[in-house]
Every structure is written in structure tokens, then in C-alpha cells.
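# Structural description and commentary
Listed below are the residues making up each chain.
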Amino acid sequence: MKGRTAGLIGGGVFAVVTWFTAGEFASPDLEGSGNNMDSTFIYMLDSARTIAGIPFVINSGYRSEPHNRYVNGVLGSAHTKGHAADIKVTNSNERKIILESLQEVGFNSFGIGRNFIHVDNDPSKPADVIWLY
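Here the structure is a predicted model, which means the values were calculated and not measured.

Reading guide: rules and limits
- Residues numbered from 1 in each chain as written.
- Predicted model: local features only at pLDDT ≥ 70, side-chain atom pairs only at ≥ 80, totals over all residues.
- Heavy atoms only, no water.
- Helix = DSSP H or I, 4+ residues; strand = E, 2+ residues; numbered from the N terminus.
- Contact = heavy atoms within 4.5 Å.
- 1 Å grid on protein atoms, 1.4 Å probe; cavity = no way out; pocket = protein on both sides within 12 Å on 5 of 7 lines; lining within 4 Å.
- Points joined across faces, edges and corners; volume = space filled by probe spheres on them.
- Buried < 20%, exposed > 50% of the residue type's maximum accessible area, 1.4 Å probe, protein only.

Turning next to the side chain of Arg95. Tracing the chain through its elements places Arg95 in helix α3 (residues 92-104). Not counting residues up to four positions away in its chain, the partners in contact with Arg95 are Val89, Ile112, Gly113, Arg114 and Ile117.

Here you go:
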């Protein structure tokens, strides 16, 4: 299934995934906005979490345009389209496990920060990329 189509079946994608709730992805200034996440992104992230076998703590998921400006996000950010998340990491081993699981399920766009991994599947952005913050 593509895009948000899958999320419309059975009350939303968060009703059928194992590890995540919509609240974890909500923009802090817009209640319920976690439901704006792309369903394919959430399915893939849920699968990666299963493979990793360790928790994925979501630092940032969906962002409203005002919140994206507040955090100095880029114009047209994948976060504002529901195609991105920043996952907290606390050490290099955790970073390796999370990255490998994300790649195994088909993600191919990553940003690496000191204490987080940005992952996205925004079809309007370049694929097969890794950058540093």
C-alpha cells in the first residue's frame, strides 16, 4: 500500500502496529497531529523496531509548519509531510543496531546526530543518502 491509504483501513495505522502510538509522533503544538504520519513510514519503522529488538524513542515525528520554524527545521522538511522521525540514541552500539534495522526494512535516507538518527522516506527528497548534523 502506498502513502496514507493503508492508514485509512481499520481506524488508522496506529491501530495495527506493535510498537508505536500516534502521540509519540505528534507536533507539540498540534494535538492529534501524530495521525498525520505517512502509514508506509510507520509500518516500516515498526518493522525496524521489531528487528532491532531495542526501544526506539521518538524525539520528533510530525511537525506543524510553525513548530518546524521554531526548531529551525528546513523549508519543506519531511517532518512536515509525516515522512520523517528523529530517533534518540545514547551510544554507538545502539546507533549501529538502529541504523542496520532501518536499512534492512528499506529506509535509505539518514541524518546522523550526536544523540539521534533522522530517518525519512520522503519521495520528494534524494534517496541513498547519509548526512551528519
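There is more to say after this.
In this model, the largest pocket occupies a volume close to 300 Å³. Residue lining of the largest pocket: 18 residues in total, with Val74, Ser77, His118, Trp131 and Tyr133 positioned closest to the centre. Every element with two or more residues in the lining of the largest pocket is listed here: β4 (116-120) and β5 (129-132). Element by element, the count of residues in the lining of the largest pocket is highest for β4, at three residues.

When you line up the elements, Gly113 lands in the loop between β3 (109-112) and β4. Relative accessible area serves as the criterion here: at 5%, Gly113 is assigned to the buried category. With near-sequence residues (within four places) excluded, Gly113 lies in contact with Arg95 and Tyr133.

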